[in-house]
Amino acid sequence: MNTIFLNILNMSFCAGWLILAIVFLRLLFRNIPKWGCVLLWGLVALRLLVPFSVESRFSLIPATMANVELPFSENLEAGIPSPPPTINTDIVADAATRNIDLLSVSSIMWCVGVLFLAVYFVYGYCRLTHMLDTAVLLRDNVYQCEGIHSSIVFGIIHPKICIPFRVDESNMNHIIAHEKAHIRRGDHWWKLIGYFVLMLHWFNPLVWISYILLGRDIEIACDEAVIRKLGENVRADYSASLLKLATGHGLFNGSPLAFGENDPVGRVRNLSKWKRPALWVIILCVI
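Residues numbered from 1 in each chain as written. Predicted model: local features only at pLDDT ≥ 70, side-chain atom pairs only at ≥ 80, totals over all residues. Heavy atoms only, no water.

A word on the environment of Phe 203. By the element assignment, Phe 203 lies in the loop between α6 (187-200) and α7 (205-230). Given a relative accessible area of 27%, Phe 203 falls into the partly exposed group. Through-space distance from the C-alpha of Phe 203 to that of Met 109 is 9.5 Å; in sequence the pair is 94 residues apart. When sequence neighbours within four positions are dropped, the list of residues in contact with Phe 203 reads Phe 5, Ile 8, Leu 9, Ser 12 and Trp 110. (Helix = DSSP H or I, 4+ residues; strand = E, 2+ residues; numbered from the N terminus. Buried < 20%, exposed > 50% of the residue type's maximum accessible area, 1.4 Å probe, protein only. Contact = heavy atoms within 4.5 Å.)

Structure representation (structure tokens):
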């Protein structure tokens with residue numbers, strides 16, 4: 001367990017540089033399509049899950065900081081080195097013992113955090129499943145439910161769209177188009193991967209920031225996809241639908257796997273400035 005925690009800690013430290021770089025790029029290039037930002041967060045997830053990386057002359061991470069050298073790692077992996085005869089062996093042994101104890105305590109705390117988020121995941125899933133037991137089929141995979149306050153996409157293999165009964169007919173088509181775009185783009189898989197990464201690296205505040213920004217970028221990218229499909233002439237009506245339905249429930253909207261409408265003001269502001277990106281902008285995003 002200690003070795004696993006050391007690997008997680010090392011990956012989290014290295015990925016922190018990448019997270020900071022992506023946050024800077026988001027601020028520098030505000031007009032790039034948000035699907036490009038989502039792909040960048042996919043690179044962060046890859047760095048946080050894969051324990052090795054491809055060597056390159058060009059890197060965002062300083063060469064001297066490519067790996068975390070913890071004071072107790074040598075003692076753990078290679079055994080406690082024999083001290084020179086001039087050094088008090090009792091002092092060295094006590095220091096090594098304290099290092100190993102610190103590592104063990106840190107590993108236990110990490111496991112507790114992972115377990116807590118896993119329990120929250122199961123609780124949120126069961127709670128939302130119970131709420132949707134009374135859902136009524138509207139059409140296709142679209143359901144209406146009394147127990148929810150905003151539209152959501154719920155599920156992984158066969159995701160369902162659930163909307164409140166209070167949604168009127170004038171807004172329903174826009175809301176359903178938005179949720180179908182989530183399913184078509186595979187956003188429910190992005191959300192699952194993002195939460196799994198958060199479970200493993202919960203101790204890193206930069207990972208929490210990236211998880212929040214991933215959720216926002218997913219929603220805005222979905223809005224942009226709907227406008228591209230339906231046409232820019234529906235932008236005003238679509239924005240009005242967002243404001244009527246959105247409730248801004250925060251980080252976890254009922255379940256980590258559920259998509260709910262949040263940050264309506266930021267999304268409407270983005271739609272007001274959005275325009276179809278030029279080819280050179282898309283090429284720059286890919287690079």
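Next up on the list: helix α5 (residues 169-184). Between its first and last C-alpha atoms α5 spans 23 Å; for 16 residues at 1.5 Å apiece the expected length is 22 Å, and the two agree. Within the sequence span of α5, burial applies to Asn 171, Met 172, His 174, Ile 175, Ile 176, His 178, Glu 179, Ala 181 and His 182. One or two positions beyond α5, positive phi appears at Gly 186, with a value near 75°. (Expected span 1.5 Å × (residues − 1).)

Here we come to the pattern of salt bridges. If you walk through the whole model with that rule in mind, you get two salt bridges. Residue Asp 217 is joined to Arg 26 by a salt bridge in which the shortest nitrogen-to-oxygen separation is 2.8 Å. With Asp 217 in helix α7 and Arg 26 in helix α1 (residues 2-28), the pair connects residues that are 191 residues apart, well separated along the chain. Residues Asp 217 and Arg 26 agree in their burial class; the two are buried. (Salt bridge = Lys/Arg side-chain N within 4 Å of Asp/Glu carboxyl O.)

Another aspect to go through is the sheet that holds strand β3 (residues 152-154). Pairing between sheet strands relies on hydrogen bonds along the backbone, with the strands arranged either parallel or antiparallel. On the basis of which strands lie adjacent, the open sheet formed by four strands has the order β1-β2-β4-β3 and mixed pairing. Whereas interior strands pair on both sides, the edge strands pair on one side only; in this sheet they are β1 (136-139) and β3. Sheet twist, expressed as the mean angle between neighbouring strand axes with direction ignored, is 35°. Sheet topology note: the β3/strand β4 (residues 160-164) ladder contains three bridges and is antiparallel. (Pairing = 2+ DSSP bridges. Axes fitted to C-alpha atoms, helices over the stretch in contact; angles between N-to-C directions.)

Before going further, it helps to spend a moment on the nonpolar core. Formed by 28 residues in total, the largest nonpolar core has its most connected members in Trp 41, Val 44, Leu 48, Trp 110, Tyr 195 and Val 207. Ranked by residues supplied to this core, first place goes to α1 with eight residues. Aside from chain neighbours lying at most four places away, what touches Leu 48 is Met 11, Ser 12, Ala 15, Val 197, His 201 and Val 207. (Core = buried A, V, L, I, M, F, W, Y, C linked by side-chain atoms within 4.5 Å.)

Turning our attention to the packing of α1 against helix α2 (residues 34-49). Look at α1 against α2: their axes get within 8 Å of each other, and the N-to-C directions meet at 170°. Between α1 and α2, the crossing angle belongs to the class labelled roughly antiparallel. On α2, the residues that touch Met 11, Ser 12, Cys 14, Ala 15, Leu 18, Ile 19, Ile 22, Val 23 and Arg 26 of α1 are Lys 34, Cys 37, Leu 40, Trp 41, Leu 43, Val 44, Arg 47, Leu 48 and Leu 49. Residues belonging to the contact of α1 with α2 are distributed by class as follows: 14 nonpolar, one polar and three charged. (Parallel < 35°, antiparallel > 145°, perpendicular 65-115°, else oblique. Nonpolar A, V, L, I, M, F, W, Y, C, P; charged D, E, K, R; others polar.)

It is worth spelling out the packing of aromatic side chains at this point. The final tally for this structure, using the stated rule, is six aromatic pairs. Members of the aromatic cluster, each reached through a chain of ring pairs, are Phe 5, Trp 110, Trp 202 and Phe 203. (Phe/Tyr/Trp six-rings, centres within 6.5 Å; stacked < 30°, edge-to-face > 60°.)

Okay, unusual backbone geometry next. The phi dihedral of Asp 140 falls on the positive side, at around 50°, and the residue is not glycine. Counting through the fold element by element, Asp 140 comes out in the loop between β1 and β2 (142-145).

Take a positive patch on the surface next. Together, Arg 139, Lys 180, Arg 184 and Lys 229 line one region of the surface with positive charge. Its place among the elements puts Arg 184 in helix α5. Given a relative accessible area of 49%, Arg 184 falls into the partly exposed group. (Patch = residues over 30% accessible without salt bridge, like charges linked within 9 Å, V, L, I, M, F, W, Y side chains within 5 Å. Areas by Shrake-Rupley, 256 points an atom, 1.4 Å probe, with all protein chains shown as cover. Lys, Arg positive; Asp, Glu negative; His and termini not counted. Charge placed at Lys NZ, Arg CZ, Asp CG, Glu CD.)

Once that is clear, we can look at the pairing of β2. Pairing between β1 and β2: three bridges, direction antiparallel. Its bridge partner being in β2, Leu 137 is matched across the sheet by Tyr 143. Linking β1 to β2, which pair antiparallel, is a turn of two residues; within it Asp 140 sits at a positive phi near 50°.

Here the focus is the environment of Val 44. Assignment of secondary structure puts Val 44 in helix α2. When its relative accessible area of 3% is taken as the criterion, Val 44 is described as buried. C-alpha separation for the pair Val 44 and Ile 22, spaced 22 residues apart in sequence, amounts to 8.9 Å. Ignoring any residue separated from it by four or fewer positions in sequence, one finds Val 44 in contact with Leu 18, Ile 19 and Ile 22.

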